[in-house]
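Descriptive structure summary
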Amino acid sequence: MQDGVRTCDQYDSILADHPVKIVVTRTLMITADLLAGLALATLILGLDCITFFKEDPRVKLKMCYGAGAMLGAGSILGLTGSVWYAVDVYVERAMLVSHNVFLGVHYDFGWSCWLGMAGSTGCFVASVLLTCCLHACTAPSSRCQPQRHPQPQGRTGTRTGTSKMYAMDSCV
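Attention here is on the structure that accompanies the text.

Parameters at a glance
- Residues numbered from 1 in each chain as written.
- Predicted model: local features only at pLDDT ≥ 70, side-chain atom pairs only at ≥ 80, totals over all residues.
- Heavy atoms only, no water.
- Patch = residues over 30% accessible without salt bridge, like charges linked within 9 Å, V, L, I, M, F, W, Y side chains within 5 Å.
- Areas by Shrake-Rupley, 256 points an atom, 1.4 Å probe, with all protein chains shown as cover.
- Salt bridge = Lys/Arg side-chain N within 4 Å of Asp/Glu carboxyl O.
- Helix = DSSP H or I, 4+ residues; strand = E, 2+ residues; numbered from the N terminus.
- Buried < 20%, exposed > 50% of the residue type's maximum accessible area, 1.4 Å probe, protein only.
- Core = buried A, V, L, I, M, F, W, Y, C linked by side-chain atoms within 4.5 Å.
- Contact = heavy atoms within 4.5 Å.
- Expected span 1.5 Å × (residues − 1).

**Regarding a nonpolar patch on the surface**
A surface patch of nonpolar side chains, about 430 Å² in accessible area, is lined by Ile76, Phe124, Val125, Val128 and Leu129. Looking at the nonpolar patch, the element that brings in the most residues is helix α3 (residues 111–138), giving 4 residues. Mapped onto the fold, valine 128 is located in helix α3. Under the relative-accessibility criterion, valine 128 is labelled partly exposed at 35%.

Dropping the structure here:
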């Protein structure tokens, strides 16, 4: 700083002077975020209420399975990056303490580390639920498939227009 003017150095890359483990951790987290975003978009397109590929429900089902797989891959990458960073900070701190070196620096896991672990765990749970529930509901002997019950012969005309309007097959 000279005469009240602050100068800043220009770098070619924000990753230029960082150790490889930090760059790899950031790459894992960014890749996990991109996969989770792509999975969300794929899952939204695979919903029944979206008219994209409405004529072929098997394509929509495959899109939902693909979204579950992308969420699973993203969660594994995110958990790897988050836990790797946390373990690295812990080991570095333990090494300093074991050698009686105190730099006056306090190591603490920040909110972003915990948020990365929680988000990746949530993506993993969502992936498992999405793929398992889709498999359970699409199996041929599934309980989630709407079942048709024959109506008794004497009650065929007893439904009113309102009851027909609100009658729906659902799987709860």
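**Remarks on the nonpolar core**
Among the nonpolar cores identified, the biggest contains 8 residues, and these are Ala39, Cys64, Ala67, Met70, Leu71, Cys123, Leu130 and Leu134. Within the residue set of this core, elements represented by two or more residues are α2 (57–98) and α3. Ignoring anything within four residues of it in the chain, the contact list for leucine 71 reads Ala36, Ala39, Cys123, Ala126 and Ser127.

**Considerations on α2**
Two residues of an α-helix separated by three or four positions point the same way, owing to the 3.6 residues in each turn. Look at α2: 61 Å from first C-alpha to last across 42 residues, which is about the 62 Å you get at 1.5 Å a residue. Looking one or two residues beyond α2, the residue adopting positive phi is asparagine 100, at roughly 55 degrees.

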